[in-house]
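Spelled out, the chains give:
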Amino acid sequence: MASLTLTHLNKTYPNGFTAVHDLNLDINDGEFLVLVGPSGCGKSTTLRMVAGLETVSSGDLHIGDQRVNDLEPADRDIAMVFQNYALYPHMTVYKNMAYGLKNRGESRADIDRKVREAAQTLDIEHLLDAKPARLSGGQRQRVAMGRAIVRNPQVFLFDEPLSNLDAKLRVQMRIEIKRLQQRFGTTAIYVTHDQVEAMTLADRLVVMNGGKVEQVGPPIELYEQPASRFVAGFIGSPAMNFLTAHLENPTTLVLPNGQRLELPQAVDHSGEVMLGFRPEHLESCSPEQSDFTLSVEIIEPLGADTLLYGNFPDTDTLVLAEQSGKARFHSGERIPLRFDRQRLHLFDPQTELRIT
Amino acid sequence: MVENRPWLTLTRHILLWLGIAVISLPIWVALVAATHPTSAFVSGILPLWFGDQAVTNLVAVLSNDGGLGVSVSATRMLWNSFVMAMVIAVGKIVISMMSAYAIVYFRFPGRQLCFWLIFITLMLPVEVRILPTYEVVANLGLLNSYAGLTIPLIASATATFLFRQFFMSVPDSLLEAARIDGAGPIRFFKDILLPLSANNIAALFVILFIYGWNQYLWPLLITTDEQYYTIVMAIKRLMTSDNGLIPWNLIMTTTILAMLPPVIVVLAMQKLFVKGLIEQEK
Amino acid sequence: MHDKSVFQHRLLPYVLVAPQLIITLVFFIWPAGQALYQSFLVEDAFGFSTEFVWFENFIYLLSDPEYWTSIRVTAVFSFWVAFVGMALALLLAAMADKVIRGSRFYQTLLIWPYAVAPVVAAVLWLMLFSPSIGLLPFWLSKVGYQWNHLANSVEANILVIIASVWKQFSYNFIFFIAGLQAIPRSLIEAAAIDGARPFRRFWQIVFPLLSPTAFFLLVVNVVYAFFETFAVIHATTQGGPGNSTKTLVYKVFEDGFIGLDLGSSSAQSVLLMVIVITLTVVQFRYVEKKVQY
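All of the points below concern the structure found in this document. (Residues numbered from 1 in each chain as written. Chains lettered and ligands numbered in written order. Predicted model: local features only at pLDDT ≥ 70, side-chain atom pairs only at ≥ 80, totals over all residues. Heavy atoms only, no water.)

**Description of the pairing of strand S4 (residues 58–63) of chain A**
Side-chain direction in a regular strand flips from residue to residue, so the side chains alternate between the two faces of the sheet.
All names here are of chain A.
Then step 1. As paired elements, strand S1 (residues 4–12) and S4 share five bridges and run antiparallel to each other. Across the sheet, the residue bridging to asparagine 10 is serine 58, located in S4.
Then step 2. Two strands pair when backbone bridges link them, and S4 and strand S5 (residues 66–67) are joined in this way by two bridges, in the antiparallel orientation. Bridging across to S5, isoleucine 63 finds its partner in glutamine 66.
Then step 3. Where S4 hands over to S5, the hairpin turn is made up of two residues, of which glycine 64 adopts a positive phi near 65°. (Pairing = 2+ DSSP bridges. Helix = DSSP H or I, 4+ residues; strand = E, 2+ residues; numbered from the N terminus.)

Here it is, written out as structure tokens:
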């Protein structure tokens with residue numbers, strides 16, 4: 001088990017494309033760190049640099065106290081779970097799990113004990129003699145996990161390991177991965193583009209965009225205090241609504257429909273701002289108390305919740321409101337809504353950074 | 001089948017049987033001819049049914065008691081053909097796998113150049129460079145030797161491309177997983193790539209064995225010593241007889257011996273071979 | 001986007017490509033270069049001195065009516081080998097593809113000539129067509145036709161073409177079968193629902209979809225007819241009667257090894273190389289186009 005330090009890490013490809021730009025991260029021993037972002041944001045490249053599958057263009061990479069920039073992947077004491085599992089198709093499950101140990105020159109007896117232990121942990125003992133082609137997606141996923149834990153490495157690396165599974169299995173394996181990591185206490189870096197997966201797994205979350213880190217922090221912090229409009233829009237499901245509004249003075253916000261909102265704290269900005277509010281932070285109320293009235297165009301009843309879509313008054317901006325599933329709505333209905341004043345987010349329209 | 005049209009189905013079967021009959025006719029006649037004494041061919045027309053001399057002819061050919069137009073026995077020539085076909089097939093597979101591995105899994109200065117040099121050999125079949133290649137082999141002292149029979153034919157762009165294609169279709173993540181598991185280039189090749197290529201190797205082996213076995217022009221040029229004759233190239237020699245009487249029965253026995261090994265290989269590995277052949281188009 | 005994962009090693013890749021590269025250089029590139037060089041030389045009658053003559057060999061060759069005869073013979077021969085071979089193979093492949101019962105059995109019985117050497121094919125057909133003992137001349141004489149390919153150039157061509165087609169048939173057949181099997185069933189079914197009868201379906205749906213395969217085979221067959229049929233000709237007609245079956249490759253062989261005319265043979269080799277390169281480029285152009293689909 002070890003901590004990791006990434007210092008001024010850069011990755012530029014021969015064609016000039018910079019995939020990762022000046023990345024700085026300290027990962028604590030035993031921490032579950034999730035890298036999340038849209039495709040092409042540099043999260044996978046970062047992971048592959050840690051694994052040693054991709055060279056580091058500049059900067060330093062430390063695992064524990066050792067600088068590993070120039071070490072072969074096998075010498076970094078890491079294990080990786082690939083998106084397509086990368087099981088050796090011609091080897092049995094047993095041999096797949098044993099291969100890394102064998103290459104390290106461990107004794108036959110040690111290998112056997114470790115493989116069986118790992119198989120037991122993952123409940124795949126009955127599959128040890130099967131070849132990967134015969135396994136279901138979930139089983140392959142387990143074997144890939146088994147290949148990682150059998151070596152008892154310093155760091156687990158996960159490269160979108162659940163994205164090839166169906167939705168139900170994904171949830172199940174998500175829980176399992178979390179459980180295993182907690183049990184072994186191994187440092188883990190996990191790459192995903194799925195923000196729900198990211199939120200549920202992470203001790204700390206790193207949101208990346210365009211090769212740069214947007215924000216680092218515990219999931220709930222990113223949800224409550226997104227540092228930029230990008231993080232605000234990326235974290236949370238359903239996604240945050242955005243409106244262009246106007247600051248009349250440091251505590252008064254004017255909405256496009258002319259409604260004035262008194263802010264709980266004065267902000268350090270003036271003029272045009274981007275107002276962000278989450279669908280779940282809109283509550284229905286009496287017309288007198290309301291901030292705006294939503295004429296409902298589309299209703300998505302999900303059971304526990306109901307999602308209502310409609311344009312914000314006097315704009316073309318589609319707004320989504322999440323309401324309790326108990327209430328009944330119908331299309332065309334006009335619903336008075338009120339913002340949760342404590343949970344409004346303001347962003348600078350130019351820099352897209354949070355205004356406090 | 002979309003619909004049922006009995007007359008159409010019948011036509012199909014009839015046409016197929018006709019095709020098979022035409023395809024098989026020469027073989028039938030060859031088999032029949034191989035069972036008669038030489039005298040049977042003087043009368044003017046090929047016999048249509050089997051005679052009783054099959055074993056006699058076979059023994060005559062295999063031991064060559066003098067009836068053949070050459071001084072070696074068919075046994076020796078079969079052995080020569082076998083050596084030639086095996087060395088060419090195995091040699092081609094080995095060296096083209098090696099070079100394909102280097103080209104796909106390494107980045108090194110001169111890689112493009114190597115690729116193009118190999119690629120060019122596609123455009124230089126032995127038939128277009130007969131004389132100069134002959135001179136090279138003669139200068140190296142390889143006339144009338146197994147080395148001379150095989151080595152100049154062993155470089156193959158086709159096999160290299162086939163392996164290159166296959167290696168490129170192996171997911172990158174497999175190599176990455178192996179590297180994390182501590183496998184270097186040799187170990188990755190031996191433990192992962194080689195077993196995964198087993199089917200391709202087998203299919204290619206069939207094609208290349210046949211290619212080697214059926215070589216004609218090349219052995220014709222570089223063997224003057226009859227000890228190195230291959231059975232395929234010798235057939236033509238057998239037809240030049242001194243007394244004007246062509247020993248069709250012995251020629252046909254030899255011919256059947258010459259085509260039996262490759263035909264058996266094809267039929268035994270039909271499925272793999274067909275698949276391997278079709279890969280070449282891609 | 002990632003770097004393709006590769007190994008870092010200074011020496012190993014060179015060791016790996018060395019065998020192939022050395023053989024290629026010694027037995028392919030060097031002789032080809034020699035052919036090119038020698039095509040610019042003329043040797044005197046006794047082989048004592050050589051003279052650099054630029055394109056004289058080529059000019060001489062291209063003004064030699066015999067060379068043009070050979071070109072024409074090769075063209076006609078290639079056309080018939082490719083056309084007949086592919087047409088028959090397509091016909092039988094279309095039949096075998098539709099047959100439900102025994103499809104595999106038919107295929108087995110039709111693909112084995114692939115394994116037969118061209119010279120073996122030649123000898124088999126030579127016997128069948130032998131004017132003295134052959135079955136076919138015997139049958140032909142019953143209907144009043146005297147067959148003698150040793151004297152009649154058309155008959156000599158027919159013999160060579162039949163033997164060549166017989167040997168190449170299986171190759172074409174295998175590819176057409178594979179091409180047919182690659183056509184989605186649903187397309188045929190859609191055409192059937194649209195009311196297209198089997199023959200119309202074949203020409204309007206199946207045939208266009210097979211055209212990439214057919215084109216590939218066309219190139220392969222032409223290459224085959226150019227080069228690999230040397231054995232057939234050598235074993236049957238040896239270019240005769242007259243020069244009626246003397247193809248370009250046969251002529252290179254004859255002028256080089258029997259006539260010992262180094263300059264002319266080299267010049268012919270160079271022209272053949274140009275032809276092969278053209279065919280290869282055409283084939284690769286087409287492969288590239290196919291990739292873009």
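**Some remarks on the interface of chain B and chain C**
Then step 1. If you look at the interface, chain B gives 107 residues, while chain C gives 102 residues.
Then step 2. Here chain B and chain C share an interface that buries about 9600 Å² over both sides, 78% of which is from carbon and sulfur atoms.
Then step 3. Taken together, chain B and chain C are joined by zero salt bridges.
Then step 4. Summed over the shared surface of chain B and chain C, the result is eleven residue pairs in polar contact (both at pLDDT 80 or more).
Then step 5. With 18 residues, the top contributor of residues to the side of chain B that touches chain C is helix H1 (residues 6–33) of chain B.
Then step 6. Residue classes in the side of chain B that touches chain C are distributed as 79 nonpolar, 15 polar and 13 charged. (Contact = heavy atoms within 4.5 Å. Buried area = accessible area lost by both parts, 1.4 Å probe. Salt bridge = Lys/Arg side-chain N within 4 Å of Asp/Glu carboxyl O. Polar contact = N/O pair within 3.5 Å; in protein donor to acceptor, adjacent residues only side chain to side chain. Nonpolar A, V, L, I, M, F, W, Y, C, P; charged D, E, K, R; others polar.)

**Let's talk about the interface of chain A and chain B**
Then step 1. Contacts between chain A and chain B engage 24 residues on the former and 16 residues on the latter.
Then step 2. Taken over both partners, the interface formed by chain A and chain B buries close to 1700 Å², and the fraction arising from carbon and sulfur atoms is 57%.
Then step 3. Its salt-bridge partner being glutamate 176 of chain B, residue arginine 48 of chain A comes within 2.8 Å of it at the nearest N-O pair.
Then step 4. For the pair chain A and chain B, the interface holds eleven residue pairs in polar contact (both at pLDDT 80 or more).
Then step 5. Those elements that place two or more of their residues in the side of chain A that touches chain B are strand S6 (78–81) and helix H2 (93–103) of chain A.

**A short note on the packing of helix H3 (residues 74–105) of chain B against helix H1 (residues 12–38) of chain C**
Then step 1. Closest axis-to-axis distance for the H3 of chain B/H1 of chain C pair is 8 Å, and the angle between their directions is 130°. Put simply, H3 of chain B runs oblique to H1 of chain C. Here the hand of the crossing between H3 of chain B and H1 of chain C comes out left-handed. Each of Ile95, Ser96, Met98, Ser99, Tyr101 and Ala102 of chain B in H3 of chain B lies in contact with H1 of chain C, whose residues at this interface are Pro13, Val15, Leu16, Val17, Pro19, Gln20 and Ile23 of chain C. (Axes fitted to C-alpha atoms, helices over the stretch in contact; angles between N-to-C directions. Parallel < 35°, antiparallel > 145°, perpendicular 65-115°, else oblique. Left-handed = near helix turned anticlockwise from the far one by under 90°.)

**What to know about the sheet that holds strand S11 (residues 241–249) of chain A**
For sheets, the rule is that strands pair by backbone hydrogen bonds, running either parallel or antiparallel.
Residues and elements named next belong to chain A.
Then step 1. The sheet built from five strands is open, its strands ordered S13-S12-S11-S14-S21 with antiparallel pairing. Each edge of the open sheet carries a strand with a single partner, namely strand S13 (260–262) and strand S21 (345–347). With direction set aside, neighbouring strand axes in the sheet form an average angle of 40°.
Then step 2. Sheet analysis places S11 next to strand S14 (residues 271–277), joined by seven bridges and oriented antiparallel. The residue bridging phenylalanine 242 from the neighbouring strand is glycine 276, located in S14.

**A closer look at the pattern of salt bridges**
Then step 1. Scanning the model with the defined rule gives 23 salt bridges over all chains in all.
Then step 2. Of the charged contacts, one joins glutamate 72 of chain A and arginine 179 of chain B as a salt bridge, the two residues approaching to 3.6 Å between their closest N and O atoms. With glutamate 72 of chain A in the loop between S5 and S6 and arginine 179 of chain B in helix H8 (residues 172–180), this residue pair bridges two chains.
Then step 3. What makes glutamate 72 of chain A partly exposed here is its relative accessible area of 38%.
Then step 4. When salt bridges with common partners are traced through the structure, they connect Arg48 and Glu54 of chain A together with Glu176 of chain B into a single cluster. (Buried < 20%, exposed > 50% of the residue type's maximum accessible area, 1.4 Å probe, protein only.)

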